[in-house]
Amino acid sequence: HSESFFTNAQFYEQANFSSSSFNNITNFENCVFQSIANFSKSKLYSNTSFKYAQFRGIANFEECHFLGECSFLACQFDHIISLISTHFHGVPDFTQTYFKEPPSTSHFAINHTEVTHLKQKPFILSVTHKHDRSLPVKYRSLKKLAILTHDHEAEQQFFAYELLTKRNIEKKSKVYWV
């Protein structure tokens, strides 16, 4: 079980990783996919990074399972990206990601393990994650994605999570006045 590093790889033809299993850290940072990038029905069991990758053709992540952290930080999607029935175990990072046509936020699922409901009333939540300072930014990026696709319900949900995670970090941080 070794790690999979494709850093800086150029895929000129279709990159077909459909139904693949990646058991350890998987890295596609700075990759360029000139044609179709097919990751449909794949399982990525550990942390996965597509940071700075360029997808010039269709990017298919349908029914993909990301069981570790997943980053699409500063990616470029020049064609459509499909996230239909995709599951993220944690909050994916779409910070500074460019979409020619943004994916619908209603098509993928996020397991919000860092946020749990204390009461049945809406927006009474408690953050249980340990000081992950990137969470508010990740939720803000997801909120932006929801705005772009006019998914107002998801926009409000991501905004609530953004505020809660930010508030939790501020509560845990010690502030000293000089």
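Small disclaimer: the values here were computed from a predicted structure and weren't measured.

Basis of the calculations
Residues numbered from 1 in each chain as written. Predicted model: local features only at pLDDT ≥ 70, side-chain atom pairs only at ≥ 80, totals over all residues. Heavy atoms only, no water. Helix = DSSP H or I, 4+ residues; strand = E, 2+ residues; numbered from the N terminus. Buried < 20%, exposed > 50% of the residue type's maximum accessible area, 1.4 Å probe, protein only. Contact = heavy atoms within 4.5 Å. Areas by Shrake-Rupley, 256 points an atom, 1.4 Å probe, with all protein chains shown as cover. Salt bridge = Lys/Arg side-chain N within 4 Å of Asp/Glu carboxyl O. Pairing = 2+ DSSP bridges.

A. Here's a closer look at the overall build of the protein. Summing up its helical and strand segments, the protein has two helices and 19 strands in all. Counting the 178 residues in the protein, one finds 46% classified as buried. A separation threshold of at least 6 residues defines the contact pool for the protein, and within that pool the share at least 24 residues apart is 25%. For the protein, the exposed area adds up to about 10,100 Å²; of that, 50% sits on carbon and sulfur atoms.

B. Representation of the pattern of salt bridges. Under the defined criterion, the tally for this structure stands at two salt bridges. Between Glu162 and Lys143 there is a salt bridge, with its nearest N and O atoms 3.2 Å apart. Note that Glu162 is positioned in helix H2 (residues 152-172) and Lys143 in helix H1 (residues 135-148), a separation of 19 residues in sequence. Pair check on accessibility: Glu162 and Lys143 agree, each one buried.

C. Main features of the sheet that holds strand E17 (residues 108-110). Ordered by their spatial adjacency, five strands build an open sheet running E4-E8-E12-E15-E17, and the pairing between neighbours is parallel. Looking at which strands have only one partner, the edges of the open sheet turn out to be strand E4 (21-22) and E17. Examined bridge by bridge, strand E8 (residues 43-44) and strand E12 (residues 65-66) share two bridges and lie parallel to one another. Its bridge partner being in E12, Lys43 is matched across the sheet by His65.

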